[in-house]
Amino acid sequence: MVEQAPAIELKGISKAFGPVQANKNISIRVMPGTIHGIIGENGAGKSTLMSILYGFYKADAGEIFISGKKTEIPDSQAAIAAGIGMVFQHFKLVENFTVLENIILGAEDGGLLTPSLAKARKTLLELEHEYGLNVDPDAVIEELGVGMQQRVEILKALYRQADILILDEPTGVLTPAEADQLFRILDRLRQEGKTIILITHKLREIMEATDTVSVMRRGEMTATVKTSDTSPAELAELMVGRKVLLRVDKTPAQPGDVVLDIKGLRVVDDKGVERIKGIDLQVRAGEIVGIAGVAGNGQSELLEVLGGYAEATGEIRVNGQPLDLSGRYADGRSRRARGIAHVPEDRQREGLIMDFSAWENTAFGYHRDPGYQSGVLLNNAAIRADTEAKMGRFDVRPPNPALAAKNFSGGNQQKIVLAREIERNPDLLLVGQPTRGVDIGAIEFIHQQIVALRDKGKAVLLVSVELEEILALADRVAVMFDGHIMGERLSAETDEKELGLLMAGVSA
Amino acid sequence: MDVMPKWAEVILVPLISLVLAAVLSAIVILAIGEDPVEAVNLMVTGALGSTYGWGYTLYYATNFLFTGLAVSVAFHAGLFNIGGEGQAMLGGLGVALACLFIPWPHWTLALLGASVAAALFGAAWAAIPAFLQAKRGSHIVITTIMFNFIGAAVLNYVLVNLMRPPGSMDPATARFPEVTHLPTLHDILLPLGISFSRSAPANVTFVIALLACVLVWFLLWRTWLGYEIRSYGKSEPGAKYAGISPVVITMIAMLISGALAGLMAINNVMGEAERLVLNAVEGAGFIGIAVALMGRSHPFGVLLAAILFGFLYQGGAELALWTSIPRELIVVIQALVILFTGALDNMVRMPLERLFLMLRRREA
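Values in this document were obtained by computation on a predicted structure and should not be read as measured data.

Basis of the calculations
- Residues numbered from 1 in each chain as written.
- Chains lettered and ligands numbered in written order.
- Predicted model: local features only at pLDDT ≥ 70, side-chain atom pairs only at ≥ 80, totals over all residues.
- Heavy atoms only, no water.
- Helix = DSSP H or I, 4+ residues; strand = E, 2+ residues; numbered from the N terminus.
- Rg over C-alpha atoms; globule rule 2.2 N^0.38 Å.
- Buried < 20%, exposed > 50% of the residue type's maximum accessible area, 1.4 Å probe, protein only.
- Contact = heavy atoms within 4.5 Å.
- Areas by Shrake-Rupley, 256 points an atom, 1.4 Å probe, with all protein chains shown as cover.
- Lys, Arg positive; Asp, Glu negative; His and termini not counted.
- Charge placed at Lys NZ, Arg CZ, Asp CG, Glu CD.
- Pairing = 2+ DSSP bridges.
- Axes fitted to C-alpha atoms, helices over the stretch in contact; angles between N-to-C directions.
- Core = buried A, V, L, I, M, F, W, Y, C linked by side-chain atoms within 4.5 Å.

Visitor: Got a minute to help me understand the overall build of chain A in this structure?
Guide: Broken down by element type, chain A carries 17 helices and 22 strands. A compact globule built from 508 residues should have a C-alpha radius of gyration of about 23 Å, and chain A, at 25 Å, falls within 12% of that. Dimensions of chain A, computed from the C-alpha atoms along their principal axes, are close to 75 × 45 × 45 Å. Scored against the burial criterion, the 508 residues of chain A give a buried share of 53%. In chain A, the share of contacts with a sequence separation of at least 24, taken over all contacts with a separation of at least 6, comes to 66%. Accessible surface computed for chain A: about 21,900 Å², of which carbon and sulfur atoms make up 49%. Distance between charge centroids for chain A: 3 Å, based on 58 positive and 72 negative side chains.

Next comes the structure, spelled out in C-alpha cells:
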C-alpha cells in the first residue's frame, strides 16, 4: 500500500504576540478522511494555530503542507484556494440575505447576479444531496435556527470546494440534539473523504466524534493520540498538566426557607419582543438551582432583572420582601444592600472594567459602601487592602491589586469577580456562566467556592449553557426554552438526555 | 502586559508627533520662500521671550485649559462634547449679566459671582444635549455641534437687541464697571517684586484654571462620582450591572463639562475684554478638543497641551506680525499640530509599539 500524504501537515509552527508565545514549535499530521480534534483550555493557542492555517496570522516560523505540498497561506483567499474551509464560532452570515445569496457572497461569477445565482442553486442542491445537508436555498438566514445557520456555514465552505473543514467550538450554541445532528453530518463528510479539524474544549465531543486528538497546553502541543486509546480523564490531565476532579464533591443539599420567590415574571426587551413569558421559580436557602437552556432563551434577561437593571412585570420576593422591578439602574445598589450578589454572565462586558486595576474592580458595584467610601471620596487605601486580602483567599495570580483586569487570565478575572461577590456573604448569589472561558484548574476552585456558599445556607441561582456544569453543580434544575420554564427536575433524578429534550422545547 | 512603558506612552508619543508636525510645518514655510529657523526663532521669542509674550501665551493657555478640561471630563464618561464653543459663549453671557447688573462691592466677590454665573450658563447650555442623549439617544456629537450655532444666534440676538448700549453701533455690551476688573498677572506679581508686562491680558483666572485642573483630577480619581463617570465611559453594560445610572452620569458629566467650558468666559470676557463681544470665544472651544486629545484627557496632560497651544497661538500671531508668512499659514501650522497629535496618533504609536516589542524580545 502506498503511503498516503497527510491532508494537512504543520511543521514547527511558532507564533508570538509580544512577550506571549501563543504557539511553540507545533507539528501535527492529519490524514485525509479523518476527524481530528484539537482540545485545550482557553488561551492554550488553539485559535491562534487555526488562524495561522486560515491565513489570518503569519507564523513566525514553521511550514504548512497541504496534501504533501508545501503551501504558503498569506491570507484567507489562499487558504480557500488550498481547499481549507472554516466554520467560525460566531457565524459570518448576512442575516437578511437568503441562504443562496449568502453561499455565493464573495464567490460570484461575473458581474451579473442572476446567472451566478442560477448556477449556484444547481451546485448547492447537488452538494445538499451528496452530503445529506438539507437547507432551503431561499430561506432567509434570520428565520433559520442556529443549527441550520451552521449548516449554511458548512455548505459555504463546501461550495468553495473545501476538502479540509475547520470547525471552531461548533457546539457552543447548539442544543444536545442539534449537536448530535452536527456530528452525524461530520461523519458523513468524513465518509465522503473530507478532512475535519474540530476545535473544542468539551471532552465528551472529542471522545464521541474524533479519530485522533491533539492536546494543547500553553502554546505547546502536549500530545497527539488516537481517540480510542485515551480516556477523558487522561485528556483532562494532559490539558491541565495535573490530575483534575471532573466531578464536584458535594453533599446532598439541605434546603431551608424560600429565599427567592418569582411569580408570573414577564420581560419585554426594548425591541418589544417578549423574552420571558411568565415564569414561576423558587430558590431556597442552602440549595443551588440551575437554569439550563440554550443561550438566548431568556436566561440572560432573568439575571438582568434580578440584578436590577432590566424592567419586568410580575413579582419577585427576596426573603419575603418584594423587589422593585421598574429597572431603574440605581437599583443595582439597593439589590446589593439587600444581600443579592451577582456574578454576571459576561465578565469582560459587565462584571469588570477591563482597563481598571484589580482593586478598582473589587470596588465595582460596592463603591458606595460605607467601607469603601468616606463622604464624596473613595477610600482607596481600604479598597486596596481589601483587594489584597481577597486575592490571597481566592488565589488570584499574579496577586497584584494594581494590575489592570485585562492583564489577568480568564480564570483569574473570574476569581476577582467571584471574590468580590461571594465575600459579601450574600443571601442570594446569582451566577451566570461561572466557568465560561476559564481553565479547568480554575473551574474546580470556582465550583468549590459556589458549593461552599451553599453549604453556609445561602441560596444560589446558577445559569449555565454547559449541561455538564449544571448537572454537576446544581441540586435542582429548571430548563428554560423560549421564555418559559419547560420543567424542573432534581439533578440526581435526571440526565442529559431528558434535559436536552426539554432544552429543545419538547415537554415531557 | 502593556506594550509600551508608561513614559513612552505619555511623553514619547506626543513628542514625536510634535516633531513630525514641526518638520512638516518647516517644509511648508520653506516652500513659500521663508526661513523656518527664523520663523521658529520669532515664535519662541514672541511667545516666551518676554513677560509680554508669556502674558499672552498664558492668557490663551487659560482659555484652552478650561475647554480642554471640559472635553476631558466628557471623554471620561465616553461622551464627545464638541459644544465647548457654544457653552463658553453662553458662559460669557452669564458673566456679562453678573458683572453689569449686580453691584459688586469688590472684585473678589465679583469674580466669585461671575464664575458661578459662567458655570451655570455653560452647564445649562450643555444640559439640553445631555438630556437628549440620556433620555432620547440623540447623538451628543450632533446636538452639541448644533447648539454651537444656536448659541451663536442667541448671543447675536441678545447683543444686538437687548444688551447693546443705546446709540452704540457695536454688537457688544457696555463696558463692565471698574470694580469687576480682574487683577492681571502684572498686578499680582508686582507685590512679589516681579515685574510682569502691564499690557498682557493674562490675569488671575490662570490661577483659577490651575485650581480647576487639580479639582478635575481629584474628581476623576479620588471621588466615587469620578469612579462612576470613568466606569460608565469604559463600559455602559458594566455600569448598568454595577447600579450606575447612564442617565444620571451622562447628565452630571455633561453639566460639569459645560460648566468648565463656561468658566472660560471669566478669562476672556471678564479678565480681558471687560465687556461681552460677539466672537469672544474665537474657536477656543474647538482647540479644547485637540488639547484634550493631546493631553490624553488627563488634567496634567491637558495643562501641558494648553500651554503648548497657547504658545502656538501667541507665536503664530507674532509670526504674522513680523514676517510675510500669511495669517492663514499659522492656522495651517496649528492644524498640523492638531492633526499629528490628535488624529494621527496611531501613526506614531504603532511603529513605536513594534520597536518596544522588538527591544523586549531581544532582552528576553
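Visitor: I would appreciate a short explanation of helix α9 (residues 299-307) of chain A in the present structure.
Guide: Working note: α-helix, 3.6 residues per turn, so residues spaced by three or four point in the same direction. Of all 9 residues making up α9 of chain A, 7 are buried, and the element is well covered by its neighbours. After α9 of chain A finishes, the residue Gly308 of chain A shows a positive phi value of roughly 95 degrees.

Visitor: Explain the sheet that holds strand β3 (residues 35-40) of chain A to me, please; I cannot follow it from the model alone.
Guide: Backbone hydrogen bonds are what pair the strands of a sheet, in a parallel or an antiparallel way. Residues and elements named next belong to chain A. In spatial order, the strands read β6-β7-β8-β3-β9-β10; together these 6 strands make up an open sheet with mixed pairing. The open sheet has two edge strands with one neighbour each: β6 (84-87) and β10 (220-226). Sheet twist, expressed as the average angle between the axes of neighbouring strands with direction ignored, equals 20 degrees. Two strands pair when backbone bridges link them, and strand β7 (residues 164-168) and strand β8 (residues 195-200) are joined in this way by 5 bridges, in the parallel orientation. Bridging from a neighbouring strand, Leu167 pairs with Leu198 of β8. Lying over the sheet, helix α8 (residues 232-240) contacts β3, β9 (212-217) and β10, oriented at roughly 30 degrees with respect to β9.

Visitor: When you look at the nonpolar core in this model, what are you seeing that I'm missing?
Guide: General note: in soluble globular proteins, nonpolar side chains tend to be found buried as a group. If you look at the biggest cluster of nonpolar residues, it comprises 153 residues, and the most contacted ones within it are Phe64, Val95, Met270 and Phe309 of chain B. Ranked by residues supplied to this core, first place goes to helix α11 (residues 246-273) of chain B with 12 residues. Residue contacts for Met270 of chain B: discarding those within four places in its chain leaves Val95, Cys99, Ala110, Leu111, Ala114, Phe176, Thr180, Leu182 and Ala265 of chain B. Counting residues in each nonpolar core, the second largest holds 35 residues, with Leu124, Leu127, Ala157 and Phe183 of chain A among its members.

Keep in mind that these numbers describe shape and distance, not what the molecule does.
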